[in-house]
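Spelled out, the chains give:
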Amino acid sequence: MGIKDQFQDKAEQLKEQAQRAGAGAQEEADERRQQAQDRARQGQQQAQDAADDAQDRFES
């Protein structure tokens, strides 16, 4: 195996490693985005529930 082949093999290994790292980072970003959306929805629901309770108390 020549030096050129060794460099090409190493370059291919690094490329694959970078692709795996990028895919992992994308998955983590997607998961964090989903969690943030879930927390936002939960906060909106809690706010709506509190507003509904206040409205009910006001009308009673």
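For clarity, every value in this text was computed on a predicted model and none was experimentally measured. (Residues numbered from 1 in each chain as written. Predicted model: local features only at pLDDT ≥ 70, side-chain atom pairs only at ≥ 80, totals over all residues. Heavy atoms only, no water.)

Novice: How would you sum up the overall build of the protein? Please name residues and give values.
Specialist: The helix and strand tally for the protein stands at one helix and zero strands. By the compact-globule yardstick of 10 Å for 60 residues, the protein is too spread out, its C-alpha radius of gyration being 26 Å. Expressed along its principal axes, the backbone C-alpha trace of the protein runs to roughly 85 × 5 × 5 Å. Classification of the 60 residues of the protein by burial places 0% in the buried group. When the 9 positive and 14 negative side-chain charges of the protein are each reduced to one mean point, those points stand 9 Å apart. (Helix = DSSP H or I, 4+ residues; strand = E, 2+ residues; numbered from the N terminus. Rg over C-alpha atoms; globule rule 2.2 N^0.38 Å. Buried < 20%, exposed > 50% of the residue type's maximum accessible area, 1.4 Å probe, protein only. Lys, Arg positive; Asp, Glu negative; His and termini not counted. Charge placed at Lys NZ, Arg CZ, Asp CG, Glu CD.)

Novice: Could you give an account of a negative patch on the surface, naming the residues involved and the relevant values?
Specialist: Side chains of Asp 49, Asp 52, Asp 53, Asp 56 and Glu 59 sit close together on the surface and give a patch of like negative charge. On the secondary structure map, Asp 53 appears in helix α1 (residues 3–59). Classification of Asp 53 as partly exposed rests on a relative accessible area of 41%. (Patch = residues over 30% accessible without salt bridge, like charges linked within 9 Å, V, L, I, M, F, W, Y side chains within 5 Å. Areas by Shrake-Rupley, 256 points an atom, 1.4 Å probe, with all protein chains shown as cover. Salt bridge = Lys/Arg side-chain N within 4 Å of Asp/Glu carboxyl O.)

Novice: Describe in detail the pattern of salt bridges, supporting the description with residues and values.
Specialist: A full pass over the atoms with the stated rule returns two salt bridges. In this structure, Glu 28 engages Arg 32 in a salt bridge whose closest nitrogen and oxygen atoms are separated by 2.7 Å. Note that Glu 28 and Arg 32 are positioned in helix α1 at a spacing of four residues, about one turn of the helix. A relative accessible area of 43% places Glu 28 in the partly exposed class. Classification of Arg 32 as exposed rests on a relative accessible area of 53%. The partner of Asp 38 in a salt bridge is Arg 41, with the nearest N and O atoms 2.9 Å apart. Placement of the pair is Asp 38 and Arg 41 together in helix α1, with a separation of three residues, close to one helical turn. Relative accessible area serves as the criterion here: at 37%, Asp 38 is assigned to the partly exposed category.

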